[in-house]
Amino acid sequence: MYSGKRTHHGIRDNYRRQRTRAYTRDLDQIQDDLKPENVDKKKNQEIDTDLPGLGQHYCVECARHFISEEHYSEHLKGKLHKRRLKKLEDEPYTQEEADRAAGISKPDNGPKGGRALKTQDAVMED
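All values reported here derive from a predicted model rather than from experimental measurement.

**Student:** Teacher, can you tell me more about the overall build of the protein chain here?
**Tutor:** Along the backbone of the protein chain there are six helices and two strands. Walking the protein chain from its N terminus toward its C terminus, one meets helices and strands in the order α-α-α-β-β-α-α-α. Across the 126 residues in the protein chain, those meeting the buried criterion constitute 13%. The long-range share in the protein chain, meaning contacts at least 24 apart out of those at least 6 apart in sequence, stands at 30%. Here the protein chain has roughly 11,900 Å² of accessible surface; of this, 51% comes from carbon and sulfur atoms.

**Student:** Sorry, what's going on with the environment of proline 92 here?
**Tutor:** If you trace the backbone, proline 92 turns up in the loop between α5 (79-89) and α6 (95-101). We classify proline 92 as partly exposed; its relative accessible area is 35%. The spatial distance from the C-alpha of proline 92 to the C-alpha of aspartate 32 is 10.0 Å, given a sequence separation of 60 residues. If we ignore the near neighbours within four places in the chain, the residues touching proline 92 are Gln31 and Glu97.

**Student:** Sorry, what's going on with the confidence of the model for the protein chain here?
**Tutor:** Close reading of the predicted structure is inappropriate where its pLDDT is low. For the protein chain, mean pLDDT is 80; residues scoring 70 or higher make up 71% of the total. Considering each helix and strand of the protein chain separately, the mean pLDDT is smallest for helix α1 (residues 11-21), with a value of 67, and largest for helix α4 (residues 69-77), with 94.

**Student:** Whenever I open this one, the side chain of histidine 57 confuses me. Can you help?
**Tutor:** Considering the arrangement of structural elements, one finds histidine 57 in strand β1 (residues 57-59). The buried category is assigned to histidine 57, whose relative accessible area is 17%. A polar contact of 3.2 Å, which involves the side chain of histidine 57, links it to the side chain of glutamate 69. Dropping the residues within four chain positions of it, histidine 57 is found in contact with Arg64, His65, Phe66, Ile67, Ser68, Glu69 and Tyr72.

**Student:** Can you help me understand unusual backbone geometry in this one?
**Tutor:** Backbone phi values are negative for most residues with the exception of glycine, while trans is the configuration of most peptide bonds. The phi angle at leucine 54 is positive, at roughly 60°, despite the residue not being glycine. Here leucine 54 shows up in the loop between α3 (36-43) and β1. Of note, the phi angle at alanine 63 is positive, near 60°, even though the residue is not glycine. The residue alanine 63 is located in the loop between β1 and β2 (64-66) in this model.

**Student:** Help me out: how do you make sense of the packing of aromatic side chains in this one?
**Tutor:** Remark: the centre distance and the inter-plane angle together describe each pair of aromatic rings, the angle taken between the planes. The final tally for this structure, using the stated rule, is one aromatic pair. With 5.9 Å between their ring centres and 55° between their planes, phenylalanine 66 and tyrosine 72 make a pair best called tilted. Each member of the pair, phenylalanine 66 as well as tyrosine 72, carries the same accessibility label: buried.

**Student:** Honestly, the nonpolar core in this entry has me stumped. Any pointers?
**Tutor:** One recurring pattern in soluble globular proteins is that nonpolar side chains are buried together. Ranked by size, the top nonpolar core spans five residues in total: Ile30, Tyr58, Val60, Ala63 and Leu88. If we ignore the near neighbours within four places in the chain, the residues touching isoleucine 30 are Arg25, Val60, Glu61, Ala63, Arg84 and Leu88.

**Student:** Is there a simple way to explain the environment of cysteine 62 in this structure?
**Tutor:** Structurally, cysteine 62 is set in the loop between β1 and β2. For cysteine 62, a relative accessible area of 7% gives the class buried. Filtering out sequence-adjacent residues up to four positions away, cysteine 62 remains in contact with His75, His81 and Arg84.

What counts, and where the lines are drawn
Residues numbered from 1 in each chain as written. Predicted model: local features only at pLDDT ≥ 70, side-chain atom pairs only at ≥ 80, totals over all residues. Heavy atoms only, no water. Helix = DSSP H or I, 4+ residues; strand = E, 2+ residues; numbered from the N terminus. Buried < 20%, exposed > 50% of the residue type's maximum accessible area, 1.4 Å probe, protein only. Contact = heavy atoms within 4.5 Å. Areas by Shrake-Rupley, 256 points an atom, 1.4 Å probe, with all protein chains shown as cover. pLDDT = per-residue confidence, 0-100. Polar contact = N/O pair within 3.5 Å; in protein donor to acceptor, adjacent residues only side chain to side chain. Phe/Tyr/Trp six-rings, centres within 6.5 Å; stacked < 30°, edge-to-face > 60°. Core = buried A, V, L, I, M, F, W, Y, C linked by side-chain atoms within 4.5 Å.

Structural data, given as structure tokens:
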């Protein structure tokens, strides 16, 4: 029999809160960080007291800070880091590929210049 009470009515909000809390950088953002000019900036950051390990132990591929060099070296041997490296081997999608996948593309209207007459009109005889 239905009692009329909903006991789990707040689950959706908890799910959203957890999802945004665990958000990390996207793969295309990390691809930009892996460019040579950006890697040096990320590896040699200034001391920041708000970050773990004062911001000195950073994994560019995973976009994570670590407390010490030991934790960082353990991370490099770990499964999560190796999975991320495998995902980053693929080339990132371009905006053109994303548009094509969504069905947004340039219309194919044929050659420029308008319509060309290929055959002549039929002439009716009396």
